[in-house]
Number of protein chains: 2
Amino acid sequence: MTAHYDLKSKTIQELLNHRTIRAFKPDPIDESTRTTLYETANRAATSNGLQQFSMIRITDQTVRDALAQVSGQAYLATAPELVIFIVDLYRNQKIAEYKGASLAAGDTTDVFFQGFSDALIAAQALNAAAESLGLGTVYFGSILNDVERTIDILKLPMLTFPVVGLGFGVPDQMPALKPRLPLSERLFENTYERLELDLDALTTYDEEMSQYADLRNPSRRLDAFSEQVVTKLSHVNEKRQRLLEAVAKQGFRLHGNA
Amino acid sequence: MTAHYDLKSKTIQELLNHRTIRAFKPDPIDESTRTTLYETANRAATSNGLQQFSMIRITDQTVRDALAQVSGQAYLATAPELVIFIVDLYRNQKIAEYKGASLAAGDTTDVFFQGFSDALIAAQALNAAAESLGLGTVYFGSILNDVERTIDILKLPMLTFPVVGLGFGVPDQMPALKPRLPLSERLFENTYERLELDLDALTTYDEEMSQYADLRNPSRRLDAFSEQVVTKLSHVNEKRQRLLEAVAKQGFRLHGNA
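Below or above, wherever it landed, is the structure these notes cover. (Residues numbered from 1 in each chain as written. Chains lettered and ligands numbered in written order. Predicted model: local features only at pLDDT ≥ 70, side-chain atom pairs only at ≥ 80, totals over all residues. Heavy atoms only, no water.)

A separate point is the interface of chain B and chain A. On the side of chain A, 130 residues touch chain B, which itself brings 130 residues to the contact. For the pair chain B and chain A, the summed buried area comes to about 11900 Å², and 63% of that belongs to carbon and sulfur atoms. For chain B, the biggest contributors to the area lost against chain A are Arg43, Arg186 and Tyr192 of chain B; these three give 8% of the whole. Our count for the contact surface shared by chain B and chain A stands at 6 salt bridges. A salt bridge links glutamate 227 of chain A to lysine 99 of chain B; its shortest N-O distance comes to 3.9 Å. At the boundary of chain B with chain A, the tally comes to 67 residue pairs in polar contact (both at pLDDT 80 or more). The leading source of residues in the side of chain B that touches chain A is helix H5 (residues 109–132) of chain B, at 15 residues. Here strand E1 (residues 53–57) of chain A runs beside strand E5 (residues 187–189) of chain B; their pairing, made up of 3 bridges, is parallel. Each residue of the ladder has a partner; that of arginine 57 of chain A, found in E5 of chain B, is glutamate 189 of chain B. (Contact = heavy atoms within 4.5 Å. Buried area = accessible area lost by both parts, 1.4 Å probe. Salt bridge = Lys/Arg side-chain N within 4 Å of Asp/Glu carboxyl O. Polar contact = N/O pair within 3.5 Å; in protein donor to acceptor, adjacent residues only side chain to side chain. Helix = DSSP H or I, 4+ residues; strand = E, 2+ residues; numbered from the N terminus. Pairing = 2+ DSSP bridges.)

Written as structure tokens, this is what we have:
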């Protein structure tokens, strides 16, 4: 028997209405609300139960300004609530020390990726929770633009590493939903099926994207998606490309026998 | 003015009630429901708008069995719905080829991590959407236990890489909520504040964890968290630790000047 589901569940409607918000009203998020929101991140699924991420709320304007400089996004400094998610193997290392044990695997690439995954799953749990209260959200992948500087700003100890920032607050804008590739181009069955492009789907999508008015620059339309791909991936960001060097510098062992 | 929020939003209640489900009723998820669910993943935030992940639904029992063997988790083979999230820079590479352009940055570590992040954010959007319909969910990080084999099973082209699996369906069990570290140990302000353990908090948490009865083995209690840390991180999984080698083999350029 197939159950009948309410496809208009509030959560689903919220998720289907996700858009990035870049302008917020100044209203702060009260303590009780934000504690509940952060608890949703704490409760999210965690690899092997090891809870290898932590969160840093940024309330000090100096720290916000420094991070905004790394990110190049001024609205990072003014989002009412701002939290940075980090891989955290430092805590479990300290727990092991306290137990008098040394962890053979406490610094591996394997466990680094587990913590990295935990952090993103938790960030999206918090994102969904915030949106369910009518708050707007924005991810800041741009904290990795100069990750060594971000590590320095946040005074991150060894075996920790920044993953993503999340800003949220009462929205002061309502951008249109940005078109996405059709699901048929992103969801396959059993194997990777789409070895050749579906040019009709791409053309249609390119046209949709060209109709979208970006609030950041309403006077002009966006480029077609295929043109965005070419433009945005046309040069290597040398600083961002040194991410693994920074991971190694934080004490993680990147390779099998290193 | 601080707004008053309904802290019992349905979404928040669902997120705070998250538990991993490992036993499902055989009921399939109907097509309309699952399309809506996958659309929530498609709509989730994406780094730089580049949509660099894809999803592969696993319906073929042979493929499921092969992945279950990699994961070592038999219930992977029987979850009513099973989807693997992958980093996908292949699609944008094909789009660039079609446009007659070559992408200087289409194979970088930087962009790999963007796709990896996209995939996890999307997975958690789908997770929250599924839970909002009363479905149970389980993540399979274990598809990385032998990632080269997983790549082979899914016939993944160059510039794609598996991130995580997600199974879901009607739950046939209701485990107790697994205790989490208190938020005070995971949420800091402005900098990494918890350089020394809060031993009281840890002891309390260790006791809570020791009270938790795992349905996988109800006859015995779980180890204290601090003992789990020592046990679970006591040896390097050599195969999983070769993750970056597999990433490089899929055509990604891991380092700045490589």
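Once the structure has been displayed, the description carries forward.
A few words on empty space enclosed by the protein. It is the rolling of a water-molecule-sized probe over the atoms that shows where space remains empty. Scanning the model with the defined rule gives 3 cavities of 30 Å³ or more in all. Taken as a whole, the largest cavity spans an internal volume of roughly 60 Å³. What lines the largest cavity is simply Arg91 and Ile95 of chain A together with Leu181, Pro182, Glu185, Leu197, Asp198, Ala201 and Leu202 of chain B. Among the elements of the structure, helix H4 (90–98) of chain A together with helix H7 (199–211) of chain B are those that each provide at least two residues to the lining of the largest cavity. Among the residues forming the lining of the largest cavity, the class breakdown is 6 nonpolar, no polar and 3 charged. (1 Å grid on protein atoms, 1.4 Å probe; cavity = no way out; pocket = protein on both sides within 12 Å on 5 of 7 lines; lining within 4 Å. Points joined across faces, edges and corners; volume = space filled by probe spheres on them. Nonpolar A, V, L, I, M, F, W, Y, C, P; charged D, E, K, R; others polar.)

So, about the packing of aromatic side chains. The geometry of an aromatic ring pair comes down to the distance between the two centres and the angle between the two planes. On inspection of all chains with the given rule, the structure shows 24 aromatic pairs over all chains. Centre to centre, the rings of phenylalanine 112 of chain A and phenylalanine 161 of chain A are 5.7 Å apart; their planes meet at 75°, and the pair counts as edge-to-face. Of this pair, phenylalanine 112 of chain A sits in helix H5 (residues 109–132) while phenylalanine 161 of chain A sits in strand E4 (residues 160–169), placing them 49 residues apart in sequence. In this structure, phenylalanine 112 of chain A and phenylalanine 161 of chain A share a single accessibility class: buried. Residues phenylalanine 112 of chain B and phenylalanine 252 of chain B carry aromatic rings whose centres are separated by 5.0 Å and whose planes lie at 65° to one another, so their mutual orientation is edge-to-face. (Phe/Tyr/Trp six-rings, centres within 6.5 Å; stacked < 30°, edge-to-face > 60°. Buried < 20%, exposed > 50% of the residue type's maximum accessible area, 1.4 Å probe, protein only.)

Quick look at the relation of the copies chain B and chain A now. Superposition of chain B onto chain A requires a rotation of 180° combined with a translation of 0.0 Å along the rotation axis, giving an RMSD of 0.0 Å. The transformation just described matches what one would write down for a two-fold rotation axis. A share of 100% of the interface residues of chain B reappears at the interface of chain A, consistent with the copies meeting face to face through the same patch. (Least-squares fit on C-alpha atoms with pLDDT ≥ 70 in both.)

Moving on, we get to the sheet that holds strand E2 (residues 81–88) of chain A. Taken in spatial order, the 5 strands of this open sheet run E3(A)-E4(A)-E2(A)-E1(A)-E5(B), and their pairing is mixed. Where the open sheet ends on each side, the last strands, each with one partner, are strand E3 (136–140) of chain A together with E5 of chain B. For this sheet, the mean angle separating the axes of adjacent strands, direction not counted, is 25°. (Axes fitted to C-alpha atoms, helices over the stretch in contact; angles between N-to-C directions.)

We now examine H4 of chain A. Those residues of H4 of chain A lying buried are Tyr90, Arg91, Asn92, Lys94, Ile95 and Ala96 of chain A. Residues of H4 of chain A that are buried in the fold lie against E1, E2 and E4 of chain A together with E5, H7 and helix H8 (225–232) of chain B. Of the residues one or two after H4 of chain A, glycine 100 of chain A is the one with positive phi, at around 75°.

Once that is clear, we can look at the environment of glycine 167 of chain B. Residues and elements named next belong to chain B. By secondary structure assignment, the location of glycine 167 is in strand E4 (residues 160–169). Glycine 167 sits in the buried class, given a relative accessible area of 0%. Along the backbone, glycine 167 and arginine 22 are 145 residues apart, and their C-alpha atoms lie at a distance of 8.9 Å.

Moving on: the packing of helix H8 (residues 225–232) of chain A against helix H4 (residues 90–98) of chain B. Running from amino to carboxyl end, H8 of chain A crosses H4 of chain B at an angle of 100°, the nearest separation of the two axes being 9 Å. Compared by their axis directions, H8 of chain A and H4 of chain B come out roughly perpendicular. Residue-level contacts link Phe225, Ser226, Val229 and Val230 of chain A of H8 of chain A to Asn92, Ile95 and Ala96 of chain B of H4 of chain B. Looking at the contact of H8 of chain A with H4 of chain B residue by residue, the class counts come to 5 nonpolar, 2 polar and no charged. (Parallel < 35°, antiparallel > 145°, perpendicular 65-115°, else oblique.)

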